[in-house]
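# Fold and contact review
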Amino acid sequence: MIQRLIIKKLSSNTIFIITIPILLSILFWFRFAPQKQFIVFFIATIIYLILALIHHFREKTLIIEIVIEYILIAILALVVIQSFLI
Amino acid sequence: MFKKISHYFLPHPETHAKAKLLSWHFLVIYILIFILVRVGIDLVSIYKPGILGVNASLSVDKIIEDTNMERQKMGLPPLIYNSALSQAATLKAQNMFEENYWAHFAPSGKDPWGFINRAGYRFSYAGENLARNFYTADDIVKAWMASSSHKENILNPKYQDIGIAVEEGVLQGQRTTVIVQMFGLPYGAVSRAVTPQPQVNVNGQKIVVKSGNTSPDRILRVAGTNNTPVRDALIDPSVVAKTAGITIFALMAILLLLDFIILKRRGVFRLSSQHFAHLSFLALSGASLILIKTGEIL
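Residues numbered from 1 in each chain as written. Chains lettered and ligands numbered in written order. Predicted model: local features only at pLDDT ≥ 70, side-chain atom pairs only at ≥ 80, totals over all residues. Heavy atoms only, no water.

### Focus on the packing of helix α8 (residues 237–266) of chain B against helix α9 (residues 275–291) of chain B
All names here are of chain B. Rules: Note on geometry: axes are C-alpha line fits, over the in-contact stretch for helices, and angles between N-to-C directions span 0 to 180 degrees. Working definition: helices are DSSP H or I runs of at least four residues, strands are E runs of at least two. Numbering for both runs from the N terminus. Roughly parallel refers to an angle under 35 degrees, roughly antiparallel to one over 145, roughly perpendicular to one between 65 and 115, and oblique to any angle outside these ranges. Handedness of a crossing follows from how the near helix is turned relative to the far one, being left-handed for an anticlockwise turn of less than a right angle and right-handed for a clockwise one. For this analysis, residues touch if any pair of their heavy atoms sits within 4.5 Å. In this count, Pro and Cys sit with the nonpolar residues alongside Ala, Val, Leu, Ile, Met, Phe, Trp and Tyr, while Asp, Glu, Lys and Arg are called charged and the others, Gly among them, polar.
Put simply, α8 and α9 touch, their axes get as near as 10 Å, and they point 160° apart. Here α8 lies roughly antiparallel to α9, going by the angle between them. Considering only the axes of α8 and α9, their crossing is left-handed. Across from Lys 242, Gly 245, Ile 246, Phe 249, Met 252, Ala 253, Leu 256, Leu 257, Asp 259, Phe 260 and Leu 263 in α8, the residues of α9 making contact are His 275, His 278, Leu 279, Leu 282, Ser 285, Gly 286, Leu 289 and Ile 290. Of the residues in the contact of α8 with α9, the class split is 12 nonpolar, five polar and two charged.

Following this line, the structure appears as structure tokens:
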């Protein structure tokens, strides 16, 4: 049971560790194409939300307060980034 | 007093509740703060034009050099500087400040080929690229090359001549440097492409210039422009907004790290969101903000 939990945690964190540099590289690649940058960032936000929700669903810790927190952080980042990229 | 303040930054010592600055109430406040910063920038631009803006010193020669480098990479001949086309670009830039617009076509109906004709350049094919709020010539050309329609202009084998204007003024309330790049094939010159009628390439759209559009009565009068007086801008609005964004992201990241470390030390479990996910996403957001180039092309 403990081993399974560790593997789950590792896999969730590993996905973030792998995807962040990839997304950063794509954002850097499109640094002169703001609309494409925004699309990449929007996809990154969706990935963040989906991974977080899956993680909490598996851990049976998916409660409304946690969902709101993730959504608000995603909105905050989108509001900040979109004001430069659109 | 200190205890009360510490609850805003650190997890509660008894309940282990998250720092108040990380609660969803404060997340809403951060969103509102950022929206207020943006609205404030817009209001200053409207009521105190010229205070906000970008101070850039751009070299015309460097823009031409970079443009020709891109052409040479594709095996195309370099464009030759044409003073009449440069004058047309200057007329266009001055008209943008005069009529306060950021577009290829003026609100009064003036079109790009009108400026070219006014400058005395007779063309069979012409194009226009616009840019503003850039700090370097390299960034301008790279931004144009990242856009298919602008790239099409730069790499168009039909063009022989180039004209550039780098004009400073107050546009839509913000002090800015507008760059107008005009391309042309002189009328009667030999080109790989045969164009039966004069044509302009504006933002990827090929527009055939009707004979009526080149008549003298459509020629522009730009002498004696009444632009808003130009002075050095005090603040770059994108720097203000970027600083606000990065500050919010950094504050949240620091508080999340503190929360993670303190909870680990206390050895308590709390039903909450994942620190690592938030930190990764905030790092990505902060890095995106740093990577963003704030210049605009059209």
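The structure having been displayed, the exposition proceeds.
### Let's talk about the pattern of salt bridges
Put simply, the rule is: What counts as a salt bridge is simple: a side-chain nitrogen of Lys or Arg found within 4 Å of a carboxyl oxygen of Asp or Glu. Each residue's exposure class comes from its accessible area (1.4 Å probe, protein chains only) as a fraction of the maximum for that residue type: buried when under 20%, exposed when over 50%, partly exposed otherwise.
Counting across every chain of the model gives seven salt bridges over all chains. For A:Glu69, the salt bridge is made with B:Lys18, and the minimal N-O distance between the two is 2.5 Å. Remark: B:Lys18 occurs in the loop between α1 (2–9) and α2 (24–47) and A:Glu69 occurs in helix α3 (residues 64–85); the pair is interchain, linking two chains. With relative accessibility at 11%, the residue A:Glu69 sits in the buried group. B:Lys18 gets classed as buried once you look at its relative accessible area, which sits at 18%. Each of B:Lys62, B:Asp66 and B:Asp138 takes part in salt bridges that share partners, so that together they form one network.

### A look at the packing of aromatic side chains
Which entries qualify depends on this criterion: Note on ring pairs: Phe, Tyr and Trp rings are taken, using the six-membered ring of Trp, and paired if centres are within 6.5 Å. Classes follow the plane angle, with under 30 degrees stacked, over 60 edge-to-face and the rest tilted. Look at NZ for Lys and CZ for Arg. If either is within 6 Å of the ring centre and within 35 degrees of the ring normal, a charge sits over the ring.
Evaluated as defined, the whole model comprises nine aromatic pairs over all chains. Taken together, a centroid distance of 6.4 Å and an interplanar angle of 35° make the contact between A:Phe38 and A:Phe42 tilted. With a gap of four residues between them, A:Phe38 and A:Phe42 both fall in helix α2 (residues 34–58), about one helical turn apart. A:Phe38 sits in the buried class, given a relative accessible area of 17%. Ring centres of B:Tyr159 and B:Phe183 lie 5.2 Å apart, and the angle between their planes is 20°; this geometry places the pair in the stacked category. Pair noted here: B:Tyr159 is in the loop between α7 (148–154) and β3 (161–171) and B:Phe183 is in strand β4 (residues 174–186), with a separation of 24 residues, a long-range link. A single burial state applies to B:Tyr159 and to B:Phe183, both of which are buried. These aromatic residues form a ring-pair network of at least three members: A:Phe41, A:Tyr48, A:Tyr70 and B:Phe281. Looking at B:Lys20, its charged tip hangs above the ring of B:Tyr8, at a distance of 5.1 Å from the centre. Positioned above the aromatic ring of B:Trp102 is the side chain of B:Arg132, whose terminal nitrogen or guanidinium carbon lies 4.6 Å from the ring centre.

### Details of a nonpolar patch on the surface
Residues and elements named next belong to chain B. Here is the rule we go by: For patch building, the residue pool is restricted to those with more than 30% relative accessible area and no salt bridge; the joining distance is 9 Å between like charges and 5 Å between nonpolar side chains (Val, Leu, Ile, Met, Phe, Trp, Tyr). For the area figures, the Shrake-Rupley method with a 1.4 Å probe applies, and any residue is considered shielded solely by the protein chains shown.
Residues Met 1, Ile 5, Tyr 8, Phe 9, Leu 10, Ile 254 and Leu 258 make up a contiguous nonpolar surface patch of roughly 650 Å² in combined accessible area. Of all the elements, α1 adds the most residues to the nonpolar patch, at three residues. Looking at where Leu 10 falls in the secondary structure, it is placed in the loop between α1 and α2. A relative accessible area of 30% means that Leu 10 is categorised as partly exposed.

### Topic: the packing of α2(B) against α8(B)
All names here are of chain B. Relative orientation of the contacting elements α2 and α8 amounts to 170°, with a least axis distance of 10 Å. Taken together, α2 and α8 sit at an angle that is classed as roughly antiparallel. Of α8, the residues touching α2 (which contributes Leu 27, Tyr 30, Phe 34, Val 37, Arg 38 and Ile 41) are Pro 237, Val 240, Ala 241, Ala 244, Gly 245, Ile 248, Leu 251 and Met 252. Across the contact of α2 with α8, the residue classes break down as 12 nonpolar, one polar and one charged.

### Overview of the side chain of B:Ser238
Examined against the element boundaries, B:Ser238 turns out to sit in helix α8. On the basis of relative accessibility, which here comes to 12%, the residue B:Ser238 falls in the buried class. The contacts of B:Ser238, once residues within four sequence positions are left out, are A:Phe84 and B:Thr294.

### Some thoughts on the pairing of strand β2 (residues 123–132) of chain B
Residues and elements named next belong to chain B. The condition that has to hold: Paired strands, in this sense, are two strands between which DSSP finds at least two bridges.
Along β2, 10 of the 10 residues are buried, which leaves the element largely enclosed by surrounding structure. Across nine bridges, the pairing between β2 and β4 is antiparallel. In the sheet register, Ala 126 faces β4, and the bridge partner there is Gly 184. Relative to strand β7 (residues 296–297), β2 runs antiparallel, the two being bridged by two bridges. For Ala 131, the partnering residue across the bridge sits in β7 and is Ile 297.

### Some thoughts on the nonpolar core
We count it as follows: By nonpolar core we mean a set of buried residues, namely Ala, Val, Leu, Ile, Met, Phe, Trp, Tyr and Cys, connected to one another through side-chain atoms within 4.5 Å.
Formed by 46 residues in total, the largest nonpolar core has its most connected members in A:Tyr48, A:Leu76, B:Phe34 and B:Met252. If one sorts the elements of this core by residue count, α3(A) sits on top with 12 residues. When neighbours within four sequence positions are excluded, A:Tyr48 is seen to be in contact with A:Phe16, A:Tyr70, A:Ile73, A:Ala74, B:Ala277, B:His278 and B:Phe281.

### Quick word on the interface of chain A and chain B
Interface size is commonly expressed as the accessible area that is lost once the parts come together. Spelled out, the test is: Summed over both partners, the accessible area lost on bringing two parts together, with a 1.4 Å probe, is the buried area. Pairs of N or O atoms within 3.5 Å make up the polar contacts considered here, provided that, within protein, one atom can donate a hydrogen while the other can accept it, and that residues adjacent in sequence are counted only when both atoms are side-chain atoms.
Each partner contributes to the interface: chain A provides 38 residues, whereas chain B provides 38 residues. When the two sides are added together, the surface that chain A and chain B hide from each other amounts to roughly 3,500 Å², 81% of it contributed by carbon and sulfur. For the chain A face of the interface with chain B, the top three residues by lost area are A:Phe32, A:Leu76 and A:Phe84, together amounting to 23%. In this assembly, chain A and chain B are joined by one salt bridge. Linking chain A with chain B are four residue pairs in polar contact (both at pLDDT 80 or more). Listing elements by their share of the side of chain A that touches chain B, those giving two or more residues are α1 (2–29), α2 and α3 of chain A. If you tally residues by element for the side of chain A that touches chain B, the top one is α3(A), at 16 residues. Here the residues of the side of chain A that touches chain B sort into 27 nonpolar, eight polar and three charged.

Spatial relationships are all this shows, so hold off on functional conclusions.
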